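As a plain string of letters, each chain reads:
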There are 8 protein chains.
Amino acid sequence: MTSERIHALLVEVAAGRMTVEEASRQLSGFPVALCHQDGEVVARLDTQRAARHGFPEVILAQGKRFAHLEAIVERALSGGEPLLITRLTSKRIRRLKIRFPALTREPGTDCLFRVGCEVREPRGLVGVLCAGTSDIGVAREAALVARLMGARVQTHFDAGVAGLHRLLAADELLRTARVFVVVAGMEGALPSVVGGLVNKPVIAVPTSAGYGAAFGGLTALLGMLNSCAANVTVVNIDNGFGAGYVAGLINRL
Amino acid sequence: MTSERIHALLVEVAAGRMTVEEASRQLSGFPVALCHQDGEVVARLDTQRAARHGFPEVILAQGKRFAHLEAIVERALSGGEPLLITRLTSKRIRRLKIRFPALTREPGTDCLFRVGCEVREPRGLVGVLCAGTSDIGVAREAALVARLMGARVQTHFDAGVAGLHRLLAADELLRTARVFVVVAGMEGALPSVVGGLVNKPVIAVPTSAGYGAAFGGLTALLGMLNSCAANVTVVNIDNGFGAGYVAGLINRL
Amino acid sequence: MTSERIHALLVEVAAGRMTVEEASRQLSGFPVALCHQDGEVVARLDTQRAARHGFPEVILAQGKRFAHLEAIVERALSGGEPLLITRLTSKRIRRLKIRFPALTREPGTDCLFRVGCEVREPRGLVGVLCAGTSDIGVAREAALVARLMGARVQTHFDAGVAGLHRLLAADELLRTARVFVVVAGMEGALPSVVGGLVNKPVIAVPTSAGYGAAFGGLTALLGMLNSCAANVTVVNIDNGFGAGYVAGLINRL
Amino acid sequence: MTSERIHALLVEVAAGRMTVEEASRQLSGFPVALCHQDGEVVARLDTQRAARHGFPEVILAQGKRFAHLEAIVERALSGGEPLLITRLTSKRIRRLKIRFPALTREPGTDCLFRVGCEVREPRGLVGVLCAGTSDIGVAREAALVARLMGARVQTHFDAGVAGLHRLLAADELLRTARVFVVVAGMEGALPSVVGGLVNKPVIAVPTSAGYGAAFGGLTALLGMLNSCAANVTVVNIDNGFGAGYVAGLINRL
Amino acid sequence: MTSERIHALLVEVAAGRMTVEEASRQLSGFPVALCHQDGEVVARLDTQRAARHGFPEVILAQGKRFAHLEAIVERALSGGEPLLITRLTSKRIRRLKIRFPALTREPGTDCLFRVGCEVREPRGLVGVLCAGTSDIGVAREAALVARLMGARVQTHFDAGVAGLHRLLAADELLRTARVFVVVAGMEGALPSVVGGLVNKPVIAVPTSAGYGAAFGGLTALLGMLNSCAANVTVVNIDNGFGAGYVAGLINRL
Amino acid sequence: MTSERIHALLVEVAAGRMTVEEASRQLSGFPVALCHQDGEVVARLDTQRAARHGFPEVILAQGKRFAHLEAIVERALSGGEPLLITRLTSKRIRRLKIRFPALTREPGTDCLFRVGCEVREPRGLVGVLCAGTSDIGVAREAALVARLMGARVQTHFDAGVAGLHRLLAADELLRTARVFVVVAGMEGALPSVVGGLVNKPVIAVPTSAGYGAAFGGLTALLGMLNSCAANVTVVNIDNGFGAGYVAGLINRL
Amino acid sequence: MTSERIHALLVEVAAGRMTVEEASRQLSGFPVALCHQDGEVVARLDTQRAARHGFPEVILAQGKRFAHLEAIVERALSGGEPLLITRLTSKRIRRLKIRFPALTREPGTDCLFRVGCEVREPRGLVGVLCAGTSDIGVAREAALVARLMGARVQTHFDAGVAGLHRLLAADELLRTARVFVVVAGMEGALPSVVGGLVNKPVIAVPTSAGYGAAFGGLTALLGMLNSCAANVTVVNIDNGFGAGYVAGLINRL
Amino acid sequence: MTSERIHALLVEVAAGRMTVEEASRQLSGFPVALCHQDGEVVARLDTQRAARHGFPEVILAQGKRFAHLEAIVERALSGGEPLLITRLTSKRIRRLKIRFPALTREPGTDCLFRVGCEVREPRGLVGVLCAGTSDIGVAREAALVARLMGARVQTHFDAGVAGLHRLLAADELLRTARVFVVVAGMEGALPSVVGGLVNKPVIAVPTSAGYGAAFGGLTALLGMLNSCAANVTVVNIDNGFGAGYVAGLINRL
């Protein structure tokens, strides 16, 4: 529940256009909405989050039992706020879309979000680049999140450092974006190269693309942490969500 | 076989209410009951355990062949003592429940235990908290074990450190429990925060919840071992059983 | 050499106030100034950096032979631009200060910088917090760098998560800063807690403070990468410089 | 400051035996006492700790600059409460003892504590065992801390599992203690063996004793986390302090 | 081909009881028998091995394509020597037994061996112990291999260190065996305890039994390498074959 | 597109045998050919590669979505240049062969390549050896790539160091090849032994063959990096492609 | 105290040649002799070891405080049995030799042992090989220990696998020894090669020789654990003592 | 001893210009020259190496006792062949130069080599690049070795990927060299970028430059092994020698 929404609601009450009871009901889940299962609280939705962080509830689906996931989604949707669910399997996406038609899938990602979440007039510019075709899924997740946070987003995919001329086509993007998300697997060198070309913050996302000594993204992660470009910070392996989120925050400043 | 049970049995014999043969049979598996398979000993049940440790036999199902598991369960149930089986698959739970109706499943866990195991008048208070919805399975396992050991147990789930106000609802529990089990995955920071708020022992359980650099619970484990709160000790990743067991022991003191 | 400086220089030439020769000399090291030793190029100073990145040359002293370091410092100072040198030993600090009186040491850090580097009217606000007294050196390095980039900086030290009330004194800072640098060793949990309290970007810096399973900062690093707060990004262990740099960049937006 | 002390102080004020000014002064550092250096807060002493946790301030010296350490010790001693400092070097011990005669060293450890800290009538019983002569330093630190927390302590050193008869001499201790601290390096097997013999909580402390694939205590740590005895919990490598602290807490129950 | 067999064959030729052609054919694969597939050599059987090492060909099935495995088995069986195949899947065991009826499965293992391989009058004594029921498969593999090498073998299973009395039943075995194979997962402490009780070589086999920080057997492996008993040497995780082989070699001395 | 091809095309245009339009079309993807999916660029084929590197486009299939893979293959085939696809699953091989009949599979590998890719008169000599039967797939991938780069290739499989006489049959190959690819799993010792016998470059390829402490090829990788033979360099685990590629490059010199 | 010695002593008593008091005194430290320091037991010498294990007390000096070491050595020497001390620093060797003239240093090692320890008529044959000159210290420690256990020992140093002809000079040793100790650092491949040439047990000792990705002996250790030769078992990094000990045990069989 | 030298010597004998005795003496150390110390062989110089590998003896000084080092150097110099010693400390360099005036130091490295080793007319071209000033020592070692093997060498230092324009100055070198050695620490990305620009083999050398999560060169090593450029192979951390050696071998083809 955003602070604007809370304010609007109070105005309605003050003007007699909304009963105290209705207002109470709507605020009942604030700042924590409880999700129950088998008579026990299984989740505490941080409904204050939109007010505090400027972003709707995000649910990391991975690791959660499906029954818990359903209970959480139902509770979250009931509030009317934006909602994003990440790291879903194809099977879960199908089941959730059937049960909750308000949810829609972002193409090429494992994410569902509430229809109508997106801001009408995005502002600023977030550049999302990735090194290889295998990194596109993570990059798109980052782009989606930044978009949901109100940012204008441009992408440039498959621009790995072993063919620098592939990065040239992104020349204008490199000059104009306010913040960059750079996604790469294997040796994870792209953020360093991009970081050297721009004077804006670069959020590096290592991916689990690669094999053998890529160690599921560890190599890319370590490489990015040791970037010789000083404007690079790093998030967890395959964490497109986090990168998009921080990029969205920075883009707002 | 608890020492009370041994004593009671001897009283029966002395009073002529039980034949020596029957008493012999009941004591035959003491202190080690052998389970055979293919003419070889495949397990040595520690029947002295209840007397020595105050807790029934616990069987870690994972890694055992099903035939061995069956043989062990059969032998353990024949003694009349409490029994707990952990880390079962859904399939094994179904098969064991059919074959051994005396077993019942704890909801939301991978555990079976003998019906009637639970103490009638639990005492003390063990607080079981967890950071996220994905950690509930492990937390419930800990709660079950503490309960089987005679403890009163209260739970508080989904109270991760990124939304501290979610921990506030556990205020009373934090003030009254004699010992805490705190379960968390990802960065595993909850035990440190809880440890700083209470002056009782905190048993931290890292879970494998998370992805990428969570490394299957290693990150949470390392974080907990380095807790800046001095009242925190740690058990193995996902080891709800061990945490509940030690909490039960401490709660008895 | 900043673009302002280049422009000013050209204005001087156009106005006849500076000879072409002098302008050429000043621009000679642009965009790469070579440092020689034993007739070989040992460093290529990126003099375009100030124009491109808005920040002076920064020299990582660690790992460099002292002769190389001297050559680089001499060349960098000759250009008149700001200069920062990090990760110096006490002995090297003494030797460099004697040879280059234009350098001054930031108290409590291993850094030297050129006198007069600091911006007169800092703007915005960068909050720099650390968890323990052992983390202060790294935190001060971050604060220095942000300051050199024109940011107003406030610090709040020794506010680890095992005593949350110590964080309360930073309440105002938490509400007002535009971006945060949060430094912590051991389990590295402070960034998650701060991240949950603010809706601004948090740059987490793991430190090598701790012992045993702290593994020289690895544990803190992993914990921060797995933060359950979505607004946290991470830099290398003990990399106060990098965190301050990115905070400075974000603060400018 | 313990709650008893706060109460006593208030009684004094109520009875007119202490001026409000004096009481204010004594309470001024409550709940957080600030230590300054160079005009900046470098430490926030948690003076509420004794009331909250029942134990005085403990200072981990390792990693702190000596000037910071001095400032903290001075502030902590001024309050009149117990004080413990761990992980000191020999040189620092000498310097601190000269400056603060109220401090005394525990033989065979790297700890200083305030003279008079120890409880006059210890109660309960904490058993502290170690596997090898190299582990004695860590074991003694644990014993000291438990003692400072009011526990009666008995030790049994050099009782590694490759010579089980060496453990026999501890037979009575194994039967009578309420909680155990078991210290071991190399493969770290002693806690499992002790854990199998007792029905009380065992706090295992891995040490960095060993070489090669002991990896500075990592092997012992991992072994203890995987103990087949269910009553074992684990603390960080060489963390005698933490183990003694939790043992002391448990011993009070 | 054993040296005895080679000698016997030459005697037959010398006595005119075998043609030179037939002897040539039988020796054709000596010392290396080639296995072809798709017109390329895919395996070089070391037929000199029996003569050099006193043991038949052993084939590690894991990692080999089934077509390659078939070709190798066919070639190996054609020579008339003993044969052992390890690390087979259930499916492969079924398929190979159908195609090669000369192969038989050792119960409770993933091994096939040639019927009639076993020595008629085993000698010496190899003791094979394991810590838990989950380790039995690996222990049986070791026992089989030692047996195939002519050793008398006795086993003692499920004798983990957390219940030392379970080891007592093996008292006679501990006194009489010439060499021991000790198999354990989790913390892997059993070899140290056994090593301390006997004055014979102990070959320790870590297993992948366990979960979480057992890291697939790494913890047990490290523990065994750091054994405080000096008579312990170690083989790879789950390498029952190697342990049985070395025990068989030592038993022959 | 090779430089020869570009030159030939320009000759055709100059001679009036090709229209400018047709030449434009053929050159349109030079130096980067874009592959689209869902209106977004998902791959940038480096069509300049053949000219720059002397080798056709190579597509690492692993990690790519099938739709992306199809789009890339279609685009790559349209140019008429050689094409190699590595790390395919059996299912993907089947699907691609049906859709693109120009592709053929190399036996015993997971690779597809364009029919007719191979040079008619290979030159030089690349020796490809492997230690065990499990390593043959990787060795064949290396051999294929070297062959596609114009090299004459000879293989010698299953020649591990525990039976040195198996290496003798490769005597002539060891004396005559210009460069070696040596593939090994487990301890990865073969490259050192081969490296000691030859005075040519040896490219070592660790494989994931083995189990337990082989750690998926990490052990072989580390062993090769520490080779006591100075003529050994190393590529990633299971990277037969890379080794064959470099061997092909060296063979051309 | 060996069983022979105990027997002899009892014979003396029975024959009236020794008083009961004297025999009592001599047996007083049996089976555990206590070493005190500061009124506390700091070591429990396993005096039964010689009878149980056939080898005198061995003291690992590393990690022990010097005062403890002195107390242990004094106690051990008082019993008249053989004594070996390993992993001493040069300084400690000097100090101990001055205080205990009965101790002598083995050249090229960090070991002291009691003069006269060595058996007069060694038997069997232990072959000790090492790969490089840097491994000689560890190899000599192994040779010393085997010698002290009564074995005849022959060494062959600097025979790494990159120059196989250097191993040829050891041809006779390879054919005649009953058991081998093979020491190697870096990639640790020598045990596999030796293991393939002999049909006796090979005890592999990884050393910390090497740099970079040798990781202090970890690479050699892993390589040896994955040896493709089945007769190889492994001890800890740099553990010459353990290898020599087991070789000595095997040599006795 | 090169094959040319052996041939020349035989010619001298055949012509009667050299006595058989003298020729025998000179050949006495062929193919293995023994170095003794304390009556034991401590090194076996591979004097056949020059003939087999085309390069003189190279001695890795690190890890060797100085007495052993001296013995080896003396023996190696006596043969008249080229000699290179790597990884010396400053102190050892001083001592060896005094004792063996035939040795000279390569500036900026830790290497000594025999005066007059260098080829008079170098041929081909080896390009040696490094990313940072801290990598120069390793790069120079590689350049020295390639030079001693007869290669013409050009260097280009301090050309890290965060400032790509610094690589431009090496444009001609990138087009003309036959093989490249690329040295980098931290994230180790330079080899990928260079590899993408050239069509020649690139030998990547990770260095231990960096701090924190650089893990002593591990990060750079992993990055290089996962290079997205296919023409990159890798050697051990800081192994300038090995890279220069292989580059020298390739340059000869």
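Remember, predicted model here, so these are calculated numbers, not experimental data. (Residues numbered from 1 in each chain as written. Chains lettered and ligands numbered in written order. Predicted model: local features only at pLDDT ≥ 70, side-chain atom pairs only at ≥ 80, totals over all residues. Heavy atoms only, no water.)

### Side note on the overall build of chain A
At step 1: For chain A, the count of helices and strands is 11 helices and 11 strands.
At step 2: Relative to the globule expectation of 18 Å for 253 residues, the C-alpha radius of gyration of chain A, 20 Å, shows essentially globular dimensions.
At step 3: Its C-alpha atoms give chain A principal-axis dimensions of roughly 65 × 40 × 30 Å.
At step 4: Per-residue burial over chain A gives 62% buried out of 253 residues.
At step 5: In chain A, once contacts between residues fewer than 6 apart in sequence are set aside, the share between residues at least 24 apart is 64%.
At step 6: Just so you have it, chain A exposes about 8900 Å², and 51% of that area is on carbon and sulfur atoms. (Helix = DSSP H or I, 4+ residues; strand = E, 2+ residues; numbered from the N terminus. Rg over C-alpha atoms; globule rule 2.2 N^0.38 Å. Buried < 20%, exposed > 50% of the residue type's maximum accessible area, 1.4 Å probe, protein only. Contact = heavy atoms within 4.5 Å. Areas by Shrake-Rupley, 256 points an atom, 1.4 Å probe, with all protein chains shown as cover.)

### Describing the sheet that holds strand β4 (residues 83-86) of chain H
All names here are of chain H.
At step 1: Pairing is mixed in the open sheet, where 4 strands are placed in the order β3-β4-β6-β5. Each of the sheet's edge strands pairs with one partner strand only, and the pair in question is β3 (57-60) and β5 (103-105). Averaged over all pairs of adjacent strands, the angle between strand axes in this sheet comes to 20°, irrespective of strand direction. (Pairing = 2+ DSSP bridges. Axes fitted to C-alpha atoms, helices over the stretch in contact; angles between N-to-C directions.)

### A word on the domain arrangement of chain A
Residues and elements named next belong to chain A.
At step 1: We note that the domain assignment places domain 1 (23-114) and domain 2 (123-252) within chain A.
At step 2: Inter-centroid distance (C-alpha atoms) of domain 1 to domain 2 is 27 Å.
At step 3: Taken together, the contacts link 14 residues of domain 1 with 13 residues of domain 2.
At step 4: A combined buried area of about 1100 Å² lies between domain 1 and domain 2, and 62% of that area is made up of carbon and sulfur atoms.
At step 5: Area buried by domain 1 at its contact with domain 2 is led by Phe55, Arg87 and Glu106, which between them contribute 37% of it.
At step 6: The tally of links from domain 1 across to domain 2 stands at 1 salt bridge.
At step 7: Here Arg147 ties to Glu106 by a salt bridge, and the two come within 3.0 Å at their closest N and O atoms.
At step 8: For the pair domain 1 and domain 2, the interface holds 2 residue pairs in polar contact (both at pLDDT 80 or more).
At step 9: Of all the secondary structure elements, the ones that give two or more residues to the side of domain 1 that touches domain 2 are α3 (49-53) and β4 (83-86).
At step 10: Partitioned by chemical class, the residues of the side of domain 1 that touches domain 2 number 6 nonpolar, 5 polar and 3 charged. (Domains from an automatic or database assignment. Buried area = accessible area lost by both parts, 1.4 Å probe. Salt bridge = Lys/Arg side-chain N within 4 Å of Asp/Glu carboxyl O. Polar contact = N/O pair within 3.5 Å; in protein donor to acceptor, adjacent residues only side chain to side chain. Nonpolar A, V, L, I, M, F, W, Y, C, P; charged D, E, K, R; others polar.)

### Some points on the UniProt feature "domain: PurE" (unreviewed entry) in chain A
At step 1: Here, UniProt's "domain: PurE" (unreviewed entry) annotation points to residues 124-253 of chain A.
At step 2: What you have in residues 124-253 of chain A is 40% helix and 21% strand, and the ends, taken at the C-alpha atoms, are 9 Å apart. (UniProt positions renumbered as here; feature names shortened; annotations may be inferred.)

### A few points about the sheet that holds strand β4 (residues 83-86) of chain B
All names here are of chain B.
At step 1: Spatially, β3-β4-β6-β5 is the arrangement adopted by the 4 strands of the open sheet, whose pairing is mixed. Looking at strand neighbours, the two that pair on one side only are β3 (57-60) and β5 (103-105), the edges of this open sheet. The mean inter-strand angle of the sheet, taken between neighbouring strand axes irrespective of direction, is 20°.
At step 2: Most of the contacts of helix α6 (residues 136-148) go to β4, to which it runs at about 170°, and overall it touches β4 and β6 (112-114).

### Points about the interface of chain A and chain C
At step 1: With 28 residues of chain A at the interface, the matching set in chain C holds 28 residues.
At step 2: Carbon and sulfur atoms make up 67% of the surface buried where chain A meets chain C, a total of about 2500 Å² over both sides.
At step 3: Ranking the residues of chain A by area buried against chain C places Leu225, Ala230 and Leu253 of chain A at the top, with a combined share of 25%.
At step 4: Linking chain A to chain C there are 0 salt bridges.
At step 5: Remark: the boundary between chain A and chain C carries 4 residue pairs in polar contact (both at pLDDT 80 or more).
At step 6: Only α3, α9 (190-197), α10 (218-225), β11 (232-234) and α11 (240-252) of chain A provide two or more residues apiece to the side of chain A that touches chain C.
At step 7: The element that contributes the greatest number of residues to the side of chain A that touches chain C is α11 of chain A, accounting for 6 residues.
At step 8: Considering only residue class, the side of chain A that touches chain C consists of 15 nonpolar, 9 polar and 4 charged.

### Observations regarding the relation of the copies chain A and chain C
At step 1: For the pair chain A and chain C, the relating rotation is 180°, the translation along its axis is 0.0 Å, and the fit reaches an RMSD of 0.1 Å. Overall, the copies show the geometry of a two-fold rotation axis. Within chain A, Val234 of chain A has its C-alpha nearest the rotation axis, a separation of 2.5 Å.
At step 2: Comparing interface residues between copies, 100% of those in chain A also sit at the interface in chain C, which points to an isologous, same-surface contact. (Least-squares fit on C-alpha atoms with pLDDT ≥ 70 in both.)

### Remarks on the interface of chain F and chain G
At step 1: Opposite the 21 residues of chain F that make contact, chain G presents 21 residues.
At step 2: By the criterion of area lost to chain G, the three top residues of chain F are Ala162, Glu187 and Asn226 of chain F, representing 32% of everything that side buries.
At step 3: Between the two partners, chain F and chain G, sit 0 salt bridges.
At step 4: Where chain F meets chain G, there are 8 residue pairs in polar contact (both at pLDDT 80 or more).
At step 5: At the level of secondary structure, the elements contributing two or more residues to the side of chain F that touches chain G comprise α9 (190-197) and α10 (218-225) of chain F.
At step 6: Broken down by element, the side of chain F that touches chain G gets its largest block of residues, 4 residues, from α10 of chain F.

### Here we look at the packing of α10 of chain A against helix α10 (residues 218-225) of chain H
At step 1: Following both chains from N to C, one finds α10 of chain A and α10 of chain H inclined at 125°, their axes separated by 9 Å at the closest point. Taken together, the axes of α10 of chain A and α10 of chain H are oblique relative to one another. Our pair here, α10 of chain A against α10 of chain H, has a crossing hand that is left-handed. Each of Thr219, Leu222 and Gly223 of chain A in α10 of chain A lies in contact with α10 of chain H, whose residues at this interface are Thr219, Leu222 and Gly223 of chain H.
At step 2: The residue makeup of the contact of α10 of chain A with α10 of chain H, split by class, is 2 nonpolar, 4 polar and no charged. (Parallel < 35°, antiparallel > 145°, perpendicular 65-115°, else oblique. Left-handed = near helix turned anticlockwise from the far one by under 90°.)

### Considerations on the confidence of the model for chain A
At step 1: Mean pLDDT over chain A: 89, with 90% of residues reaching 70 or higher.
At step 2: Predicted complex metrics record ipTM = 0.88 and pTM = 0.91. (pLDDT = per-residue confidence, 0-100.)

### Here's the deal with the environment of Val183 of chain D
Residues and elements named next belong to chain D.
At step 1: Inspection of the secondary structure assignment puts Val183 in strand β9 (residues 179-184).
At step 2: For Val183, a relative accessible area of 0% puts it in the buried group.
At step 3: Setting aside residues up to four positions removed in sequence, Val183 forms contacts with Leu129, Cys130, Ala131, Asp135, Val138, Ala139, Leu190, Val205 and Thr207.

### Some remarks on the pairing of strand β3 (residues 57-60) of chain A
At step 1: Alignment of β3 of chain A against β4 of chain A, held across 4 bridges, turns out to be parallel. The partner of Ile59 of chain A across the bridge, within β4 of chain A, is Ile85 of chain A.

### Observations concerning the packing of aromatic side chains
Residues and elements named next belong to chain A.
At step 1: A complete count under the given rule lists 8 aromatic pairs over all chains for this structure.
At step 2: Aromatic pair Phe241 and Tyr245: ring centres 5.8 Å apart, planes at 45°, arrangement tilted. Placement of both Phe241 and Tyr245 in helix α11 is noted, with a separation of 4 residues, approximately one turn of the helix.
At step 3: A residue is classified by how much of its surface remains accessible, and Phe241, at 11% relative accessible area, is buried.
At step 4: A residue is classified by how much of its surface remains accessible, and Tyr245, at 0% relative accessible area, is buried.
At step 5: Stacked on the ring of Phe66, the Lys or Arg Arg95 has its end atom at 3.9 Å from the ring centre. (Phe/Tyr/Trp six-rings, centres within 6.5 Å; stacked < 30°, edge-to-face > 60°. Lys NZ or Arg CZ within 6 Å of the ring centre and 35° of its normal.)

### Thoughts on unusual backbone geometry
At step 1: For Met186 of chain A, which is not glycine, the phi torsion reads 50° and is therefore positive.
At step 2: With respect to the helices and strands, Met186 of chain A occurs in the loop between β9 (179-184) and α9.

### Section: the pattern of salt bridges
Should the charged atoms of two oppositely charged side chains come close, the side chains can pair.
All names here are of chain F.
At step 1: Here the structure, examined in full by the defined rule, presents 56 salt bridges over all chains.
At step 2: For Asp158, the salt bridge goes to Arg166, with nearest N and O atoms at 3.6 Å. With respect to class, Asp158 is no different from Arg166; both count as buried.
At step 3: Close ionic contact of Asp171 with Arg175 constitutes a salt bridge, the shortest N to O distance being 3.8 Å. Here Arg175 and Asp171 lie together in helix α8 (residues 171-176), a separation of 4 residues that amounts to about one turn.
At step 4: The partly exposed category is assigned to Asp171, whose relative accessible area is 42%.

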